[in-house]
Amino acid sequence: MTLAELDAQQAQSLGEVAAAADAAALEQVRIRYLGRNGSLPAIIKQMKDVPQAERPEFGKHVQAWRMALEGALAEKVSGVGAVKKEESTFDCTLPGRWFAPGAKHPVSRVIEETAAIFSRLGFTVADGPDIENRFNNFTALNTPAHHPSMDASDTFWLTDNLLLRTQTSPVQIRMMTQYTPPVRIITPGRTYRRDTTDATHSANFHQIEGLYVDTKPVSLADLKSTLAYYAKEMMGSKAGVRFRPHFFPFTEPSVEVDFSCHVCGGKGCRVCKMSGWIEIAGAGMVDPRVYEHVNRARGDRAYAPEAVYGYAFGFGVERIAMIKYGIPDIRWLYENDTRFLSQLA
Ligand code: PHE
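Residues numbered from 1 in each chain as written. Predicted model: local features only at pLDDT ≥ 70, side-chain atom pairs only at ≥ 80, totals over all residues. Heavy atoms only, no water.

*Asks:* In this structure, what is going on with the overall build of the chain? I would like to understand it.
*Replies:* Along its length, the chain carries 12 helices and 9 strands. At 37 Å, the chain has a C-alpha radius of gyration far larger than the 20 Å of a compact globule built from 345 residues. Dimensions along the principal axes, computed over C-alpha positions, put the chain at roughly 110 × 50 × 35 Å. Residues classed as buried in the chain amount to 41% of the 345 residues present. Approximately 18900 Å² of the chain is accessible, and the part contributed by carbon and sulfur atoms is 55%. Charge centroids of the chain, computed over 39 positive and 39 negative side chains, lie 5 Å from each other. (Helix = DSSP H or I, 4+ residues; strand = E, 2+ residues; numbered from the N terminus. Rg over C-alpha atoms; globule rule 2.2 N^0.38 Å. Buried < 20%, exposed > 50% of the residue type's maximum accessible area, 1.4 Å probe, protein only. Areas by Shrake-Rupley, 256 points an atom, 1.4 Å probe, with all protein chains shown as cover. Lys, Arg positive; Asp, Glu negative; His and termini not counted. Charge placed at Lys NZ, Arg CZ, Asp CG, Glu CD.)

*Asks:* Which parts of the structure should I look at to understand unusual backbone geometry?
*Replies:* With an omega of 5°, the peptide bond between Pro-181 and Pro-182 qualifies as cis. Looking at the secondary structure, you find Pro-182 in the loop between helix H8 (170–178) and strand E4 (183–192). Backbone geometry places Asn-142, a non-glycine residue, at a positive phi of 60°. Residue placement: Asn-142 occurs in the loop between helix H7 (134–139) and strand E3 (162–164). Despite not being glycine, Lys-273 shows a phi value in the positive range, around 50°. Relative to the elements of secondary structure, Lys-273 occurs in the loop between strand E7 (251–260) and strand E8 (277–286).

*Asks:* Got a minute to help me understand the packing of H8 against helix H10 (residues 288–298) in this structure?
*Replies:* The N-to-C vectors of H8 and H10 enclose an angle of 50°; their axes lie 9 Å apart at closest approach. Considering the angle they form, H8 stands oblique to H10. Remark: the crossing between H8 and H10 carries right-handed chirality. Contacts between H8 and H10 involve Ile-173, Met-176, Thr-177 and Gln-178 from the first element and Val-290, Tyr-291, Val-294, Ala-297 and Arg-298 from the second. Of the residues belonging to the contact of H8 with H10, the class tally is 6 nonpolar, 2 polar and 1 charged. (Axes fitted to C-alpha atoms, helices over the stretch in contact; angles between N-to-C directions. Parallel < 35°, antiparallel > 145°, perpendicular 65-115°, else oblique. Left-handed = near helix turned anticlockwise from the far one by under 90°. Contact = heavy atoms within 4.5 Å. Nonpolar A, V, L, I, M, F, W, Y, C, P; charged D, E, K, R; others polar.)

*Asks:* Honestly, the packing of helix H2 (residues 23–34) against helix H3 (residues 39–46) in this entry has me stumped. Any pointers?
*Replies:* With their axes 4 Å apart at the nearest point, H2 and H3 run at an angle of 10° to one another. Our classification of the angle between H2 and H3 gives roughly parallel. Along the contact surface, H2 presents Arg-32, Tyr-33 and Leu-34, while H3 presents Ser-39, Leu-40 and Pro-41. Among the residues making up the contact of H2 with H3, the classes are represented as 4 nonpolar, 1 polar and 1 charged.

*Asks:* Can you walk me through helix H11 (residues 317–325) in this structure?
*Replies:* What H11 keeps buried is the set Val-317, Glu-318, Ile-320, Ala-321, Met-322 and Ile-323. Of the surrounding elements, those touching the buried residues of H11 are helix H6 (106–119), strand E5 (204–214), helix H9 (220–235), E8 and strand E9 (309–316). Taken from the residues just after H11, Gly-326 is the one with a positive phi, measuring 65°.

*Asks:* I tried to follow the side chain of Asp-287 on my own but got confused; where do I start?
*Replies:* Assignment of secondary structure puts Asp-287 in the loop between E8 and H10. Non-local contacts of Asp-287, meaning those with residues more than four positions away in its chain, are made with Asn-142, Pro-249, Phe-250, Thr-251 and Glu-252.

*Asks:* I keep staring at a nonpolar patch on the surface and nothing clicks. Help me out?
*Replies:* A surface patch of nonpolar side chains, about 250 Å² in accessible area, is lined by Ile-131, Leu-158 and Leu-162. Assessed through its relative accessible area of 46%, Leu-158 is described here as partly exposed. (Patch = residues over 30% accessible without salt bridge, like charges linked within 9 Å, V, L, I, M, F, W, Y side chains within 5 Å. Salt bridge = Lys/Arg side-chain N within 4 Å of Asp/Glu carboxyl O.)

*Asks:* Would you take a moment to explain the site of the ligand for this structure?
*Replies:* Lining the immediate surroundings of the ligand are 14 residues, of which Gln-167, Ser-169, Arg-193, Gln-207 and Glu-209 lie closest. Here an oxygen atom of the ligand and a side-chain polar atom of Gln-207 are 3.0 Å apart. In isolation the ligand has 330 Å² of accessible area, and contact with the protein removes 91% of it. Of all the secondary structure elements, the ones that give two or more residues to the shell around the ligand are E5, E8 and E9. At 3 residues, the largest contribution of residues to the shell around the ligand is made by E9. (Near = heavy atom within 4 Å. Polar contact = N/O pair within 3.5 Å; in protein donor to acceptor, adjacent residues only side chain to side chain.)

*Asks:* Just checking my understanding: could you explain the packing of aromatic side chains for this structure?
*Replies:* By the definition in use, this model includes 17 aromatic pairs. Aromatic side chains Tyr-230 and Phe-259 sit 6.1 Å apart centroid to centroid with 55° between the ring planes, which places their arrangement in the tilted category. Of the two residues, Tyr-230 is situated in helix H9 and Phe-259 in strand E7; the sequence distance between them amounts to 29 residues. What links up through ring pairs into an aromatic cluster is the set Phe-118, Phe-123, Tyr-212, Tyr-230, Phe-259, Tyr-311, Phe-313 and Phe-315. Note that Arg-184 overlies the ring of Tyr-212, its terminal NZ or CZ placed 4.8 Å from the centroid. Above the plane of the ring of Phe-243 lies Lys-224, whose end atom (NZ or CZ) is 5.6 Å from the centre. (Phe/Tyr/Trp six-rings, centres within 6.5 Å; stacked < 30°, edge-to-face > 60°. Lys NZ or Arg CZ within 6 Å of the ring centre and 35° of its normal.)

Laid out in structure tokens, this is it:
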């Protein structure tokens, strides 16, 4: 093939592109010239027969043709519309594409529901950082310097003074140093302890702290009725609460709070280890020494122990989630296994 013949074919092909009336005709032109058995590939194959002296020039022309043709096709296609393969072969009997709707994580659900319940009692939601200092997490909470909970084997210390909070109770201190009474807050958040992970322990878990301090009398009976209300709202109208004497450095008197077992209704089952009750929270009346630490930090006597009354409580969020949703292993909450999570959707 000579150069002249080549250029004639190029002109011919561009003319056909210009003359094509619709997308289908255009596709025919494309296949005729550029398709696997089209003219251009055939010519390229024959290039070895072109005299060597002419070959570079010939190659340039072939290349220019291809570019011109592809350009013309692209331009024309955008005018007449491409052949829509999917449209012409759409099979409406195929099943639809499956997609998994997301679900709220049980821990988030418990936190949100708890916030909603306590907001009806006038509590607002407060927040504190995961990294705390020794004063807020221990000292101001009346924890003696030698207390075992401060050991490096229990607490993740970052520096001499900073640690990953072992409880949400330090937010009590933050709130009282910042605001004058009355304060009525709950504060959900992550807490950290050097626990070995098993079915009921995790080194990272969540608590919801509550604090109510007022200049009007607030009593242990108020604490009990508040938690009883919460239990019923959270677990159903048959839920009961019971207080057991306990000790926390920052409350006096201190109690541990049990909810009646929602699984067996209190008759005794595997979940409640046949006792009919499940331990849910620590609580108590704020210890006067905590007020004194707060006053010293504030530089005033806004929390004079003889003039204020208050209670505090702290729930384990995973605990509540496990009994509310019947989850036997705390690790399930963290493994992000969609087979588990999708059941909560
Ligand atoms: N912070 C305590 C704990 O982690 C719980 C608690 C909170 C107890 C508030 C009393 C008052 O176990």
